[in-house]
Amino acid sequence: MMIPSDFRAVMHRLNIEDYQYFDSVGSTNQVAIEWLEDSAPDFAIVFADHQSNGRGRFDRQWVTQPKSAIALSIIIRPTHEEQQKLSFFSPLAAVALAEVLENSWQITAEIKWPNDVLIQKKKTSGILTEAIWKGDQLAGIVVGIGINVLASSIPPQDTLNFPATYLQAHTQANIDRFALLEQFLTSFSQWRPFIHSEDFLNYWTNRLAFQGEKVYIKQKDGNIQLAGTLKGINKHGDLEIVSDDNLVHSVSAGDVHLRPVEPEN
């Protein structure tokens, strides 16, 4: 397997010595989990040009077509302090990507709680963070992220559960996947020490999709759990929704979906 020189150059510039590159793999997260359970160090990287059986939330499939997208998993060995904020690693990836899109590509992005990045209300990136335990001890976490870059990264419309888009549709500049990868990993690393900070929470809140809009929370089985107006997120990363009786409800990620209420015609 030939590893592209551009990918090697990114790893060299970022001083990342531990990485795995695949022309094709089932799931980067699965490879990363197995590597973490073996000996992978903090911030080891798994990247795939083609991912045939990637995982999203609720066991959804995430397929990455060759040379069209970024399919990446980051292995994290959390510090004691970071273990108090494990649920913030998904929004950390979302914040990092949103920052890169705004600063480097002039693309306005929003973060759909808890773990998607949207452009014009359409999904361009999904994030899945998985914690690995050995007994009652945390071995580490894997942060998986898929980013739709080119048109061929979008699955068939009849397979989508949320409207989707891709980055190249929103800029005249030609997006190089490995340049984007380097920018993303740099932003992720720079934000990581600040996930406990007010600055991080504010950045996340200011880019929260559907804020002030009517939304509903749907359970994994399809039942609607709560409807109301999206207020924001609290210091724990929980979503705050104001119901019609003016009560504020906090919702943790768990097995729930956030959906906007479709406007009436």
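Keep in mind that this is a model prediction, so the values were computed, not measured. (Residues numbered from 1 in each chain as written. Predicted model: local features only at pLDDT ≥ 70, side-chain atom pairs only at ≥ 80, totals over all residues. Heavy atoms only, no water.)

### Observations regarding the overall build of the protein chain
How we decide: Counting from the N terminus, the helices are the DSSP runs of H or I reaching at least four residues and the strands are the DSSP runs of E reaching at least two. Note on method: radius of gyration uses C-alpha positions; expected globular size equals 2.2 Å times residues raised to 0.38. We call a residue buried when its accessible area falls under 20% of the maximum for its residue type, exposed when it is over 50%, and partly exposed in between, using a 1.4 Å probe and counting protein chains only.
Along the backbone of the protein chain there are 5 helices and 13 strands. By the compact-globule yardstick of 18 Å for 265 residues, the protein chain fits well, its C-alpha radius of gyration being 18 Å. With respect to the principal axes defined by its C-alpha atoms, the protein chain has extents near 60 × 45 × 35 Å. Put simply, the protein chain has 265 residues, and 53% of those count as buried.

### Some points on the layout of surface pockets
Our working definition: Cavities and pockets were defined on a 1 Å grid built from protein atoms only: a cavity is a group of points that admits a 1.4 Å probe but offers it no way out, a pocket is an open group of points flanked by protein on both sides within 12 Å along at least five of seven lines, and a lining residue is one with an atom within 4 Å of any such point. Grid points are joined across faces, edges and corners, and a volume is the space filled by probe spheres set on the points. Each residue receives one of three labels: charged for Asp, Glu, Lys and Arg, nonpolar for Ala, Val, Leu, Ile, Met, Phe, Trp, Tyr, Cys and Pro, and polar for the others, Gly being one of them.
Of the voids in this model, the second largest pocket is the one considered here, and its volume is about 390 Å³. Lining the second largest pocket are 21 residues, with Ser87, Ser90, Pro114, Thr129 and Ala253 positioned closest to its centre. For the lining of the second largest pocket, the secondary structure elements donating two or more residues are α3 (89–105) and β7 (122–134). Per-element accounting of the lining of the second largest pocket gives the leading share, 4 residues, to β7. Partitioned by chemical class, the residues of the lining of the second largest pocket number 11 nonpolar, 8 polar and 2 charged.

### Observations regarding the packing of aromatic side chains
The condition is simple: Between rings of Phe, Tyr and Trp, where Trp is taken as its six-membered ring, a pair exists when centres lie within 6.5 Å; planes separated by under 30 degrees are stacked, by over 60 edge-to-face, and by other angles tilted. When the NZ atom of lysine or the CZ atom of arginine is within 6 Å of a ring's centre and also within 35 degrees of its normal, the charge is said to sit over that ring.
Summed over all chains, the structure comprises 13 aromatic pairs. With a centroid separation of 5.5 Å and an interplanar angle of 75°, the aromatic rings of Phe7 and Tyr19 are classed as edge-to-face. Residue Phe7 is found in helix α1 (residues 5–13), and its partner Tyr19 is found in strand β1 (residues 19–25); the two are separated by 12 residues along the sequence. For the ring pair Phe43 and Phe188, a centre distance of 6.0 Å and an interplane angle of 45° mean the geometry is tilted. Taken as a pair, Phe43 in the loop between α2 (28–38) and β2 (45–55) and Phe188 in helix α4 (residues 177–191) lie far apart in primary sequence, 145 residues in all. In this pair, the class of Phe43 matches that of Phe188, namely buried. In this structure, Arg177 packs its charged tip against the face of Phe178, placed 5.4 Å from the ring centre. Here the basic side chain of Arg207 rests over the ring of Tyr203, its NZ or CZ set 3.5 Å away from the ring centre.

### Quick notes on helix α5 (residues 198–206)
Basically, it comes down to this: Here, two residues are considered to be in contact whenever any of their heavy atoms come within 4.5 Å of each other.
Regarding α5, the residues found buried are Phe200, Leu201, Tyr203, Trp204 and Thr205. Buried positions along α5 lie against α3, β5 (110–112), α4 and β10 (224–233).

### Quick word on unusual backbone geometry
In this model, Trp113 is joined to Pro114 through a cis peptide bond whose omega is 0°. Structurally, Pro114 is set in the loop between β5 and β6 (116–119). A positive phi angle is found at Gln120, which is not glycine, with a value near 50°. Judged by its relative accessible area of 62%, Gln120 falls in the exposed class.

### Some details on the packing of α3 against α4
Stated precisely, the cut-off is as follows: In this analysis, axes come from line fits to C-alpha atoms, helices being fitted only over the stretch in contact, and the angle between any two N-to-C directions falls in the range 0 to 180 degrees. Under this scheme an angle from 65 to 115 degrees is roughly perpendicular, one under 35 degrees roughly parallel, and one over 145 degrees roughly antiparallel; angles in between are oblique. The sense of a crossing depends on the near helix, which, turned anticlockwise from the far helix by less than a right angle, makes the crossing left-handed and, turned clockwise, makes it right-handed.
Contact geometry for α3 and α4: axes closest at 8 Å, N-to-C directions at 125°. The orientation of α3 with respect to α4, classified from their angle, is oblique. Relative to α4, the crossing made by α3 is right-handed. Contact residues: α3 offers Phe89, Leu92, Ala93, Val95, Ala96, Leu97, Glu99, Val100, Leu101, Ser104 and Trp105, while α4 offers Leu180, Gln183, Phe184, Ser187, Phe188 and Trp191. Here the residues of the contact of α3 with α4 sort into 13 nonpolar, 3 polar and 1 charged.

### As for the pairing of strand β8 (residues 137–148)
Filter applied, for reference: We treat two strands as partners when DSSP finds at least two bridges between them.
A large share of β8 lies buried, amounting to 11 of its 12 residues. With antiparallel pairing between neighbouring strands as the criterion, β7 and β8 make up a hairpin whose turn holds 2 residues, including Gly135 at a positive phi of roughly 65°.

### Examining the pattern of salt bridges
Any two side chains of opposite charge can pair, so long as their charged atoms come close to each other. The condition that has to hold: Between Lys or Arg on one side and Asp or Glu on the other, a salt bridge is scored when a side-chain nitrogen of the former is within 4 Å of a carboxyl oxygen of the latter.
Tallied over the full model, the rule gives 12 salt bridges. Lys121 is the salt-bridge partner of Glu110, the closest N and O atoms lying 3.2 Å from each other. Here the residue Glu110 occupies a position in strand β5, and Lys121 occupies one in the loop between β6 and β7, the gap between them amounting to 11 residues. A salt bridge links Asp116 to Lys112, with the nearest nitrogen and oxygen atoms 3.7 Å apart.

### Regarding α3
Cut-off, in case you're wondering: Residue count minus one, scaled by 1.5 Å, sets the expected span of a helix.
Between its first and last C-alpha, α3 extends 23 Å over 17 residues, near the 24 Å set by a 1.5 Å rise per residue. Gln106 sits one or two residues past α3 and shows a positive phi near 55°.

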